[in-house]
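Structural overview for review
Take a look at the letters that make up each chain.
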Amino acid sequence: METLERILAEHPFFKGMDQRYLELLTGCASNVRFEAGEYIFRAEEEANQFYLIRQGKVALEAFAPERGPIVILTLDQGEVLGWSWLFPPHRWRFDAQAVEFTRAIALDGACLRKKTEDNHDMGYEFMKRFSQLMARALLATRLQLLNVYELNP
Amino acid sequence: MSTNSTPETMMGREPSAPMLPRPCTVQRVRQETYDTFTLELAPAAGGAFPFAPGQFNMLYAFGVGEVAISISGDPGRPEKLVHTIRAVGATTKALGHLRRGDTVGVRGPFGSAWPAAAAAGRDLIIIAGGIGLAPLRPVVYHVLRNRQKYGNVVLLYGARTPADLLYTKELEQWRGRFDLDVQVTVDRASASWHGTVGVVTNFIPRARFDPSETVAMICGPEIMMRFAIQEIEEMEVNTDNIYVSMERNMKCAVGFCGHCQFGPAFICKDGPVFSYNSIKTLLNIRGI
Ligand SMILES: Cc1cc2nc3c(=O)[nH]c(=O)nc-3n(C[C@H](O)[C@H](O)[C@H](O)COP(=O)(O)OP(=O)(O)OC[C@H]3O[C@@H](n4cnc5c(N)ncnc54)[C@H](O)[C@@H]3O)c2cc1C
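Criteria and thresholds
- Residues numbered from 1 in each chain as written.
- Chains lettered and ligands numbered in written order.
- Predicted model: local features only at pLDDT ≥ 70, side-chain atom pairs only at ≥ 80, totals over all residues.
- Heavy atoms only, no water.
- Helix = DSSP H or I, 4+ residues; strand = E, 2+ residues; numbered from the N terminus.
- Rg over C-alpha atoms; globule rule 2.2 N^0.38 Å.
- Buried < 20%, exposed > 50% of the residue type's maximum accessible area, 1.4 Å probe, protein only.
- Arc of directions from axis to C-beta.
- Polar contact = N/O pair within 3.5 Å; in protein donor to acceptor, adjacent residues only side chain to side chain.
- Phe/Tyr/Trp six-rings, centres within 6.5 Å; stacked < 30°, edge-to-face > 60°.
- Contact = heavy atoms within 4.5 Å.
- Buried area = accessible area lost by both parts, 1.4 Å probe.
- Salt bridge = Lys/Arg side-chain N within 4 Å of Asp/Glu carboxyl O.
- Nonpolar A, V, L, I, M, F, W, Y, C, P; charged D, E, K, R; others polar.
- Domains from an automatic or database assignment.
- Pairing = 2+ DSSP bridges.
- Axes fitted to C-alpha atoms, helices over the stretch in contact; angles between N-to-C directions.
- Core = buried A, V, L, I, M, F, W, Y, C linked by side-chain atoms within 4.5 Å.

1. Remarks on the overall build of chain A
- Scanning chain A for helices and strands turns up four helices and eight strands.
- Starting at the N terminus and ending at the C terminus, chain A contains elements arranged as α-α-β-β-β-β-β-β-β-β-α-α.
- Scaling as 2.2 N^0.38, a compact globule of 153 residues should have a C-alpha radius of gyration of about 15 Å, and chain A matches this with 16 Å.
- Along the three orthogonal principal directions, the C-alpha set of chain A runs to about 50 × 30 × 30 Å.
- In chain A, buried positions account for 44% of the 153 residues.

Structure (structure tokens):
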């Protein structure tokens, strides 16, 4: 059977994570699914989770009243959605919509915050992974901003 | 293991009088996007136009000028000479006004080719940005014609918006195949786009290929190519197996004029396809 712990261990985000930490983290994890078109969260709502996407596609959107929703990026299988749960005020900045049927593991933010405060070694492992994720996202955003396909950007 | 080869120099056909354009007749014009179109040509005197994937021609719009344009057709069907052109200035715009039956001057084929044959037996990762898909499409045709000779084949393609995507029907067909992993993304889109949004390099860490047995072929804006190379190097693909196509301005196409000089190399005769190792030191230098 596919246990949650096994699913976590196999997700690229947790690749190579110590078994003991995975056991602790599994206590904060649950299986979730979203239908196509369903909003996973909306801007300004409380950010209490993050998601490891196992299948499907999620669009991160900003809503502009004059233009409607603008897709900032999409996240696919193997990627991670959400980091607003990490820092106060724990509110989402953007909307996240499942573009297609999506299965994910939700990790509970309050539970994780407590466990990583109690175990700084695990917290460090966790933060290393998140900072790498953020650095990659920043790099991709910069590249997007460069508008490389325009002749005269 | 590396392919140990410079880009294939096999010429489809070494032009006998490289400075003399051959008249070709427009057989078909297809509008690909709002600023990009595909011309299907045939030599006015009849016969075929053999070429190797990655090579280019100089297209002469009579009375306006001459431009370097990659061949974007199927090397297995040399009776059709296909070029995909983005209208950016006087000459490319003039080529955009051509209609069926009109004549255009063609010199070529020129330049080095993608190491499509040397890559047999390996996985292949093809990364294209914008109009950069045009010079890579012949590789895809070649691979599909010889599919059993290759391992995993991944095509990653990025454009600015959904309206900028080339060959959308063909991409759709290729995506439907089980023996080709095609990923398409755009930098920006409205919510009506149901595909991927983000830079093309995002796909690289998740693409399925064996880094120790992979040949990478990359064409697109130079910044995009640099970032793609960094990602591929991070995956530990041997840099001997990374190839890029450089499409800087050129005039004569035969190494006389020096217009397209790129450090010690001439893009027209040493390129446009280079092994990354051979131009590594030049890619980050300004002003060449
Ligand atoms: C080997 C090679 C293969 C090429 N293959 C293709 C192809 O398959 N399809 C295609 O549409 N174009 C291709 N190009 C680019 C094409 O040659 C130029 O877009 C063309 O020369 C522009 O001429 P023009 O008179 O229309 O515009 P110009 O008035 O000369 O230029 C208009 C604008 O385009 C910019 N520009 C000119 N040349 C380039 C270039 N090489 N790259 C980026 N920007 C440029 C100029 O800086 C200017 O801003 C290729 C170039 C090379 C060297």
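2. Some details on helix α2 (residues 19-26) of chain A
Residue and element names in this part refer to chain A.
- Restricting attention to buried positions, one finds in α2 the residues Y21, L22, L25 and T26. Buried positions in α2, seen along its axis, are confined to an arc of 140° and lie on one side of it.
- Sitting at the amino-terminal end of α2 is D18, which places a side-chain oxygen 2.9 Å from the backbone nitrogen of R20.

3. Describing the packing of aromatic side chains
All names here are of chain A.
- Across all of its chains, the model carries 17 aromatic pairs over all chains by this definition.
- Their ring planes at 35° and their centres at 6.2 Å tell us that F14 and F126 sit as a pair that is tilted. Pair noted here: F14 is in the loop between α1 (4-10) and α2 and F126 is in helix α4 (residues 120-146), with a separation of 112 residues, a long-range link.
- Note on F14: relative accessible area 0%, which makes it buried.

4. Here we look at the interface of chain A and chain B
- Tallying the contact residues gives 23 residues for chain A and 29 residues for chain B.
- Of the roughly 2,300 Å² buried where chain A meets chain B, counting both sides, 56% is carbon and sulfur surface.
- Counting every contact that joins chain A to chain B gives four salt bridges.
- Among the ionic pairs, R206 of chain B bridges to E79 of chain A, the shortest N-O distance being 3.5 Å.
- Inspection of the chain A/chain B interface yields 10 residue pairs in polar contact (both at pLDDT 80 or more).
- Elements supplying a minimum of two residues to the side of chain A that touches chain B: β4 (57-64), β5 (68-76) and α4 of chain A.
- Top element by residues in the side of chain A that touches chain B is β5 of chain A. It accounts for seven residues.
- Class assignment of the residues belonging to the side of chain A that touches chain B gives a composition of 13 nonpolar, four polar and six charged.

5. Here's the deal with the domain arrangement of chain B
All names here are of chain B.
- As far as domains go, chain B holds domain 1 (7-110) and domain 2 (123-244).
- Each of domain 1 and domain 2 has a C-alpha centre, and the two are 24 Å apart.
- Facing the 21 residues of domain 1 at the interface are 16 residues of domain 2.
- A buried area of about 1,300 Å², summed over both sides, lies between domain 1 and domain 2, and 61% of it is on carbon and sulfur atoms.

6. A word on the sheet that holds strand β1 (residues 29-34) of chain A
Residues and elements named next belong to chain A.
- Spatial ordering of the open sheet is given by β1-β8-β3-β6, a layout of four strands whose pairing is antiparallel. Two strands in the sheet have a free side with no partner beyond their single neighbour: β1 and β6 (80-81).
- Here β1 pairs with strand β8 (residues 102-108) via six bridges, running antiparallel. When the bridges of β8 are listed, V32 appears paired with A104.
- Running over the sheet, helix α3 (residues 109-118) touches β3 (49-55) and β8 and is turned about 45° from β8.

7. So, the nonpolar core
- Membership of the largest hydrophobic core comes to 38 residues, with the highest contact counts inside it found for L124, Y157 and W174 of chain B.
- If you list the elements that add at least two residues to this core, you get β7 (123-129), α2 (133-145), β8 (153-159), α3 (168-175), β9 (181-186) and β12 (214-219) of chain B.
- When residues in this core are grouped by element, the largest group, eight residues, is from α2 of chain B.
- Setting aside anything within four residues of it in sequence, one finds W174 of chain B in contact with R137, V140, Y141, L144, L155, L180 and V182 of chain B.
- Listed in part, the 36 residues of the second largest apolar core include L8, M17, F41 and L60 of chain A.

8. Observations regarding unusual backbone geometry
- Cis rather than trans, the peptide bond between G108 of chain B and P109 of chain B has omega equal to 0°.
- One can find P109 of chain B in strand β6 (residues 103-110).
- A cis amide bond links G271 of chain B to the next residue, P272 of chain B, at an omega of 10°.
- Mapped onto the elements, P272 of chain B comes out in the loop between α5 (267-270) and β16 (273-275).
- Positive phi outside glycine occurs at N147 of chain A, with the angle close to 55°.
- Structurally, N147 of chain A is set in the segment after α4.
- Classification of N147 of chain A by relative accessible area gives buried; the value is 13%.

9. Considerations on the pattern of salt bridges
- Taken as a whole and assessed by the stated rule, the structure comprises 21 salt bridges over all chains.
- The salt bridge partner of R6 of chain A is E10 of chain A, with a shortest N-O separation of 2.9 Å. Here R6 of chain A pairs with E10 of chain A, and both are found in helix α1, just four residues apart, close to one helical turn.
- Residue R145 of chain B is joined to D74 of chain B by a salt bridge in which the shortest nitrogen-to-oxygen separation is 2.4 Å.

10. Some details on the sheet that holds strand β1 (residues 22-31) of chain B
All names here are of chain B.
- Spatial strand order, β4-β3-β6-β1-β2-β5: six strands in an open sheet with antiparallel pairing. Since the sheet does not close on itself, it has two edges, and those belong to β4 (65-70) and β5 (81-86), each with one partner. The sheet shows a mean angle of 40° between the axes of neighbouring strands, taken without regard to direction.
- In this sheet, β6 lies alongside β1 in antiparallel orientation, the contact comprising four bridges. Across the sheet, the residue bridging to C24 is V104, located in β6.

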